Structures are given as structure tokens and as C-alpha cells.
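In case you want the letters, here they are:
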Amino acid sequence: MRLLLVEDDIALRNGLQQALTVQGFAVNAVGNGQQALAVVRAGDCDTVILDLGLPDMDGLAVLKQLRQKWPRLPVLILTARDGLDDRIKGLDFGADDYLVKPFAAPELFARLRVIERRLGTASSHLIRCGEVELDSSAMHASVGGDIISLSRREYVLLKELMESAGRIKTREQLEASLYSWGEEVASNALEVHISNLRKKLPSDLIRTVRGVGYSISRP
């Protein structure tokens, strides 16, 4: 899942971007509202994590524009405004969730996994396709009960395919989930990751849709 992190505190922004990347998300981080709207306008995110105290415009104004133009884009508010009226206003403006600073990183990750499941076809943090099981909470996968060793990108790729089981994921969608903005991607990088992943999984799990992308059949 591609995240847009909108946070003006540089230290917090950098720390969150690193932590979210380790969790398997592709993260673009910006520091003000206009930059956030430009990224969303370009279609480069699946979910927005939005701070309300931005230097150029109030975060609620950003949220209002997002809801007017992209009503189905998930938005999680991350802010120091902890008053009941603030929370109600954020949710009434259309936020999908509201997390008050300071917060525990695992709680943020868990809330994002809920959004991610809603965007995909999985209904819990345990996803099964035949004898393959992926635990998005523990960040590991197993085949027939035996945990397999996966690189971070192999794990992200398998997670993306399993959460969208029954649907075709295009090359562009998969590459966007594997690499952050501005990261150079070799022309055959996706094929290399798919090939390495197939060696660790049942041979018929990942199906190639020629000229389009890849898919995993829905169990």
C-alpha cells in the first residue's frame, strides 16, 4: 500500500517514514498541505496520514478538499489536537480514523492494516491461499505451517498479491507497492522478485497474466 505522510515536524516525519517502510509500506512524505494535494492529484497514493497543524493551511481544509475531489481515498488523521470537539470535527469532515499524538507506533500500524484490508479482499491479519499463510501482524509467511525466509520486498509483493486474491495486479501497481517515490527501479526488478518468490512457494500459486501483471486465485 502506498502511503502519503503529511507532517511538518521533520524529525517525526523522517522517523515515521522509516518505520512505515520497515513495515512494508511505500511512503511518500511531505511537509505541507499544498504538496499533499499535488501528490494526491497525481494519483500517487492509496491512503493519506494527515497532520492537522500544517504551516501553509489547516489540515481540516486539506481534508475537506480531499473529500470533495477524492471521496473514497482513506485518510487517517494524526494530530496533537486531542479535544473531543476536534475529534468529532475531524471525523465529521470525513476522516476514516483519528489518532492523537503522542501515540504508539504499533497502534498506527494496526490501524493502517485495517484500512489496507478494506482496500483489498482480506478480512483479517491472517490471509490463507491454499497451504500458504501470511500474517501481516507478525510480518511473516509460511507454507504448510513452516515459516519461509523472505526479503522485505518479497514479503511486500506476496502480501500485495494475497490481499488482492482473485484480482489481477498490474506491473505498475506492484512496482508502486515495492518502491518509494523517486527510487530507481531496474526494468526487470519485478520479474526477479517474482522468480525468487516462486522458488519458495507452491509452483502454481502466482499466475502470470501476460502483458498485464500477476494474480493469485482467491481460495
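Residues numbered from 1 in each chain as written. Predicted model: local features only at pLDDT ≥ 70, side-chain atom pairs only at ≥ 80, totals over all residues. Heavy atoms only, no water.

Student: Explain helix H2 (residues 33-41) residue by residue, including any values.
Tutor: All of the buried residues along H2 are Gly33, Ala36, Leu37, Val39 and Val40. Buried positions in H2, seen along its axis, are confined to an arc of 160 degrees and lie on one side of it. On its buried side, H2 packs onto strand E1 (2-6), strand E2 (26-30), strand E3 (47-50) and helix H3 (59-69). Two or three places before Gln34, at the opening of H2, Asn32 has a side-chain oxygen 3.2 Å from that residue's backbone nitrogen. At the C-terminal side of H2, Gly43 shows a positive phi close to 75 degrees. (Buried < 20%, exposed > 50% of the residue type's maximum accessible area, 1.4 Å probe, protein only. Helix = DSSP H or I, 4+ residues; strand = E, 2+ residues; numbered from the N terminus. Arc of directions from axis to C-beta. Contact = heavy atoms within 4.5 Å. Polar contact = N/O pair within 3.5 Å; in protein donor to acceptor, adjacent residues only side chain to side chain.)

Student: Outline the UniProt feature "domain: Response regulatory" (unreviewed entry) in the protein, supporting the account with residue identities and numerical values.
Tutor: Those residues carrying the UniProt feature "domain: Response regulatory" (unreviewed entry) are residues 2-116 in this numbering. Helix makes up 47% of residues 2-116 and strand 20%, and the two end C-alpha atoms of the span are 10 Å apart. (UniProt positions renumbered as here; feature names shortened; annotations may be inferred.)

Student: Explain the nonpolar core to me, using residue names and the numbers behind them.
Tutor: Leu158, Leu201 and Ile206 are the most contacted members of the largest nonpolar core, which has 26 residues in total. Mapped onto this core, the elements with two or more residues apiece are strand E6 (126-129), strand E7 (132-135), strand E8 (140-143), helix H6 (152-163), helix H7 (171-178), helix H8 (189-198) and strand E12 (213-216). If one sorts the elements of this core by residue count, H6 sits on top with six residues. Excluding its chain neighbours within four sequence positions, the residues that come into contact with Ile206 are Leu161, Ile194, Leu197, Arg198, Leu201, Tyr214, Ser215 and Ile216. Among the nonpolar cores identified, the runner-up in size contains 22 residues, and Val6, Cys45, Val48 and Met57 belong to it. (Core = buried A, V, L, I, M, F, W, Y, C linked by side-chain atoms within 4.5 Å.)

Student: Give me the domain arrangement of the protein: which residues, what numbers.
Tutor: Per the domain assignment, the segments of the protein are domain 1 (2-119) and domain 2 (126-216). Averaged C-alpha coordinates put domain 1 and domain 2 at centres separated by 26 Å. The interface is formed by 14 residues belonging to domain 1 together with 13 residues belonging to domain 2. Buried surface at the junction of domain 1 and domain 2, summed over both partners, amounts to about 1200 Å²; 50% is from carbon and sulfur atoms. Our count for the domain 1 to domain 2 interface comes out at one salt bridge. Residues Lys159 and Glu116 are paired through a salt bridge, measuring 2.5 Å at the closest nitrogen-oxygen approach. The interface formed by domain 1 and domain 2 holds two residue pairs in polar contact (both at pLDDT 80 or more) in total. Going through the elements one at a time, E1, helix H1 (10-22), E2 and helix H5 (105-119) are the ones with two or more residues in the side of domain 1 that touches domain 2. Along the lines of polarity and charge, the residues of the side of domain 1 that touches domain 2 split into six nonpolar, four polar and four charged. (Domains from an automatic or database assignment. Buried area = accessible area lost by both parts, 1.4 Å probe. Salt bridge = Lys/Arg side-chain N within 4 Å of Asp/Glu carboxyl O. Nonpolar A, V, L, I, M, F, W, Y, C, P; charged D, E, K, R; others polar.)

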